[in-house]
Amino acid sequence: MSFTNIITEKMVFGGDCIAKIDGKTVFISNAIPNEHLKVEITEENKDFSKANIIDILTPSPYRVLPFCPLYGRCGGCNMQHIQYAHQRTLKADILYNAFIRAGIKEIPDIQIIYDSEREYRARFQFHNGGLMQKKSSDIIMLDNCPCATPEINKWLSNIPFDERPKGRVHVFACDKITSIPEGYDKIIVAQESSPLSKNIKHKNSHNKKHPKRYEGTVNIEENICSINLLGKNVSFSVQGFFQSNIKMLEKTIPLITGGLSGQHALDMYAGCGTFSVFLAQLFKSVTLVEHNKSALVQAEMNLQGTKHESYGLSGAVWVKYHAKSCIENNGEFDVAIIDPPRSGMEKEVSKWLALSNIKEIRSLSCDIATHSRDIAELIKGGYKLEKLYLLDFYPQTSHIESLAILKK
């Protein structure tokens, strides 16, 4: 065993802190910047090492006792040992440094948007009725999660562990659900497809000028959830992706759509149309691009009665084959809303946007490395980064969502 004393430096993406030992970078988990620690080297690599804390010799003034008894075992949270306000400061520093590393020189003051630090998470994936242990395939049995909504915790406390669904199961629960009548538990436990499932099949009859891009896609009726977002009903499949922190989503929607209006808006990586539902009230027409056709089925339902056009294609394919004709038919885009997966914009999309005549781009991302890369590409194309937000959708974790507003 190799023990040594170190003083931690900055926190990096993923939540570890770094320190130097004989000029070599060491990554330490569960640490906070400017702490004096005794550590054990657990992994040696050519360019870096990893270490575990053996003793905290001088703790940070921001160190607190974790409030969850499963902290350190459960793979969900990794920042409960840090006072919540300081968590946000550290995340803002990480976001800023990511943009600096991408070569972005003019970065506006980062605005931090946050809400409750507990009882916020409405969406879970349970494995055989429990949660995955950190760095393990073992299952943790639990009847309460301090970060889960009260509706999730009611289900956990009422359903014995051995009576919960087996395998990987998607669960969504919060008081905003409108598809469940009042007086019933506001929770949907996803059902797997079976001969008894009520399947929703979609054919693209909305606009007969375009190919039937969604024909044959299927959603299970029992898995469709509708929630009230700022007075509008938005439906989605619990088996698909949807934001887990609904209070934060309601704070983000005005940042995405506020102050906008015009003729034509682009919603790239549109999902189930959460943002387009609001854009459709502000623009004469909206174009949605989303490769997940099952999500786009829900978008079509959410946007019924509005003038819109949707493409069940990847962004790269849409740019190559449809962007030009879309603009010719509907006019130039006044704004583009971008919300890509963790991998970021496809290079074809970022290059097309950089060369476009779109006046304003609002780019949301769940990965700061790919986000900073994509924003740097847009800046090279003549856009200016006007605003940058840290959106703390996942308190007690190192996960960072960010929103960049750019204008040309």
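Anything mentioned here points back to the structure above.
Student: Let's hear about the packing of helix α1 (residues 84–101) against helix α9 (residues 368–380): which residues, and what values?
Tutor: Contact geometry for α1 and α9: axes closest at 8 Å, N-to-C directions at 40°. Judged on the interaxial angle alone, α9 and α1 are oblique. Once α1 is placed against α9, the crossing between them reads as right-handed. Residue-level contacts link Ile-94, Leu-95, Ala-98 and Phe-99 of α1 to Ile-368, His-371, Ser-372 and Ile-375 of α9. Residues that form the contact of α1 with α9 fall into these classes: six nonpolar, two polar and no charged.

Student: An account of the nonpolar core is needed here, citing residue identities and associated values.
Tutor: Judged by nonpolar contacts, the single largest core of 67 residues is most densely connected at Phe-172, Ile-227, Leu-229, Phe-242 and Leu-391. It is helix α3 (residues 246–257) that provides the largest number of residues to this core, a total of six residues. Ignoring any residue separated from it by four or fewer positions in sequence, one finds Leu-391 in contact with Ile-113, Met-248, Thr-252, Leu-255, Leu-364, Glu-401, Ser-402 and Leu-403. Grouped together as the second largest cluster of nonpolar side chains are 54 residues, Leu-90, Met-345, Ile-361 and Ile-400 included.

Student: I'd love a proper account of the sheet that holds strand β16 (residues 262–268), names of residues and values included.
Tutor: Strand order in the open sheet formed by eight strands is β6-β21-β22-β20-β19-β16-β17-β18, and the pairing between neighbours is mixed. This sheet does not close on itself; its edge strands, each paired only once, are β6 (110–113) and β18 (308–311). On average, each strand axis in the sheet is tilted by 15° relative to the strand beside it, whichever way the strands run.

Student: Hey, could you go over the side chain of Ser-226 for me, with residue numbers and the actual values?
Tutor: Relative to the helices and strands, Ser-226 is located in strand β14 (residues 224–229). There is a polar contact of 2.5 Å between the side chain of Ser-226 and the side chain of Ser-235.

Student: Now, about the packing of aromatic side chains: what can you tell me, with residues and values included?
Tutor: Throughout the structure, instances matching the rule amount to 12 aromatic pairs. For the ring pair Phe-172 and Phe-236, a centre distance of 5.1 Å and an interplane angle of 75° mean the geometry is edge-to-face. With Phe-172 in strand β10 (residues 168–173) and Phe-236 in strand β15 (residues 232–237), the pair connects residues that are 64 residues apart, well separated along the chain. Of the two residues examined, Phe-172 and Phe-236, each falls in the buried class. Cluster of aromatic residues (ring-pair linked, three or more members): Tyr-311, Trp-318, Phe-333 and Trp-352.

Student: A description of the sheet that holds strand β11 (residues 187–189) should follow, citing residues and the corresponding values.
Tutor: Read from one edge of the open sheet, three strands run β7-β10-β11, paired in antiparallel fashion. Sheet topology places β7 (123–127) and β11 at the edges, where each strand pairs with a single neighbour. This sheet shows a mean twist of 20° between the axes of neighbouring strands, independent of strand direction. Bridging between β7 and β10 involves five bridges; their strand directions are antiparallel. Bridge assignment links Gln-125 to a residue of β10, and that residue is His-170.

Conventions and cut-offs
- Residues numbered from 1 in each chain as written.
- Predicted model: local features only at pLDDT ≥ 70, side-chain atom pairs only at ≥ 80, totals over all residues.
- Heavy atoms only, no water.
- Axes fitted to C-alpha atoms, helices over the stretch in contact; angles between N-to-C directions.
- Helix = DSSP H or I, 4+ residues; strand = E, 2+ residues; numbered from the N terminus.
- Parallel < 35°, antiparallel > 145°, perpendicular 65-115°, else oblique.
- Left-handed = near helix turned anticlockwise from the far one by under 90°.
- Contact = heavy atoms within 4.5 Å.
- Nonpolar A, V, L, I, M, F, W, Y, C, P; charged D, E, K, R; others polar.
- Core = buried A, V, L, I, M, F, W, Y, C linked by side-chain atoms within 4.5 Å.
- Buried < 20%, exposed > 50% of the residue type's maximum accessible area, 1.4 Å probe, protein only.
- Pairing = 2+ DSSP bridges.
- Polar contact = N/O pair within 3.5 Å; in protein donor to acceptor, adjacent residues only side chain to side chain.
- Phe/Tyr/Trp six-rings, centres within 6.5 Å; stacked < 30°, edge-to-face > 60°.

Keep in mind these values describe shape, not function.
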